[in-house]
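Working through the structure, step by step
What follows is each chain in one-letter form.
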Amino acid sequence: MNSLKHFKICVILIMVSLTSSLANAQISNDITHNDALKALLIAKQKAEELNVLVNIAVVDAGANLKSFIRMDESFLGSIDIAIKKAKTSRYFNIATGDLGKLSQPGGIIYNIEHSNGGLITFPGGIPIINQNKNIIGAIGVSGGTIEQDRDIAIAGANAILNNLKN
């Protein structure tokens, strides 16, 4: 009976050790909620400068929604697109516009937008990179032209990289 008790304790200690190691590994390459909010607000500021109403989504390293804003009067249909742009960018660690170039008819990943529950393969999704060159999340913007969406997303993503350099 004593050895069974020791075995159970060992199993529990191993599980606790593995769980804390995994939790720490995830946190080290993940965007913080403060940085997610900063990216969101800088992107919103850029949208206001461009006089365009958009939806802005920031996802973490696991492609989970971390922050979101729907500007007043922005398109309802753009909510899902902004989130999917951010997720698509993080799933493949690439700007969605660049992924779109590869997914055209005859492209090496033609029809990829039908995978993962639906991807967005036009501009407006940008990976968020920290100063160590690790991708810690992504930002997606929808509601303007694809050029406006891309520029707004770049402003949000750059807010994190520039903040970390200072």
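Residues numbered from 1 in each chain as written. Predicted model: local features only at pLDDT ≥ 70, side-chain atom pairs only at ≥ 80, totals over all residues. Heavy atoms only, no water.

For the protein, the helix and strand inventory stands at 5 helices and 4 strands. From first element to last, N terminus to C terminus, the protein shows the α and β order α-α-β-β-α-α-β-β-α. Look at the contacts in the protein between residues 6 or more apart in sequence, and 64% of them connect residues 24 or more apart. Roughly 9,500 Å² of accessible area belongs to the protein as shown, and the carbon and sulfur atoms make up 58% of that amount. (Helix = DSSP H or I, 4+ residues; strand = E, 2+ residues; numbered from the N terminus. Contact = heavy atoms within 4.5 Å. Areas by Shrake-Rupley, 256 points an atom, 1.4 Å probe, with all protein chains shown as cover.)

Counting 21 residues, the largest nonpolar core has V54, I56, V58, I128, I139, V141 and I152 as the members making the most contacts within it. Sorting the residues of this core by element identifies α2 (33–49), β1 (55–60), β3 (125–129), β4 (135–142) and α5 (146–165) as the ones contributing at least two each. Per-element tally for this core: the top contributor is α2, with 5 residues. Excluding its chain neighbours within four sequence positions, the residues that come into contact with I56 are L40, A43, K44, S67, F68, I69, A82, I139, G140 and V141. Listed in part, the 6 residues of the second largest apolar core include V59, A82, A86 and A138. (Core = buried A, V, L, I, M, F, W, Y, C linked by side-chain atoms within 4.5 Å. Buried < 20%, exposed > 50% of the residue type's maximum accessible area, 1.4 Å probe, protein only.)

Strands sit in the order β2-β1-β4-β3 across an open sheet of 4 strands; the sheet is antiparallel. This sheet does not close on itself; its edge strands, each paired only once, are β2 (65–70) and β3. Each strand axis lies, on average, 15° off the axis of its neighbour in the sheet, ignoring direction. Note: β1 against β4, 6 bridges, orientation antiparallel. Note on β4: the bridge partner recorded for V59 is A138. Of the strands in this sheet, β1, β2, β3 and β4 are in contact with α2, which crosses β2 at around 25°. Against the sheet, helix α3 (residues 78–92) makes contact with β1, β2, β3 and β4, and its axis sits at roughly 150° relative to β4, the strand it touches most. (Pairing = 2+ DSSP bridges. Axes fitted to C-alpha atoms, helices over the stretch in contact; angles between N-to-C directions.)

Our focus in this paragraph is the pattern of salt bridges. Charged atoms that come close allow side chains of opposite charge to pair. Taken as a whole and judged by the stated rule, the model has 5 salt bridges. With a shortest N-O distance of 2.6 Å, E48 and K44 are connected by a salt bridge. Placement of both E48 and K44 in helix α2 is noted, with a separation of 4 residues, approximately one turn of the helix. Two residues, D80 and K84, come together in a salt bridge whose shortest N-O distance is 3.4 Å. Separated by 4 residues within a single helix, D80 and K84 lie in helix α3, roughly one turn from each other. Given a relative accessible area of 24%, K84 falls into the partly exposed group. (Salt bridge = Lys/Arg side-chain N within 4 Å of Asp/Glu carboxyl O.)

Right, let's get into the environment of D60. Assignment of secondary structure puts D60 in strand β1. What makes D60 buried here is its relative accessible area of 7%. Sequence spacing of D60 and H33 is 27 residues, and the spatial spacing of their C-alpha atoms is 8.9 Å.

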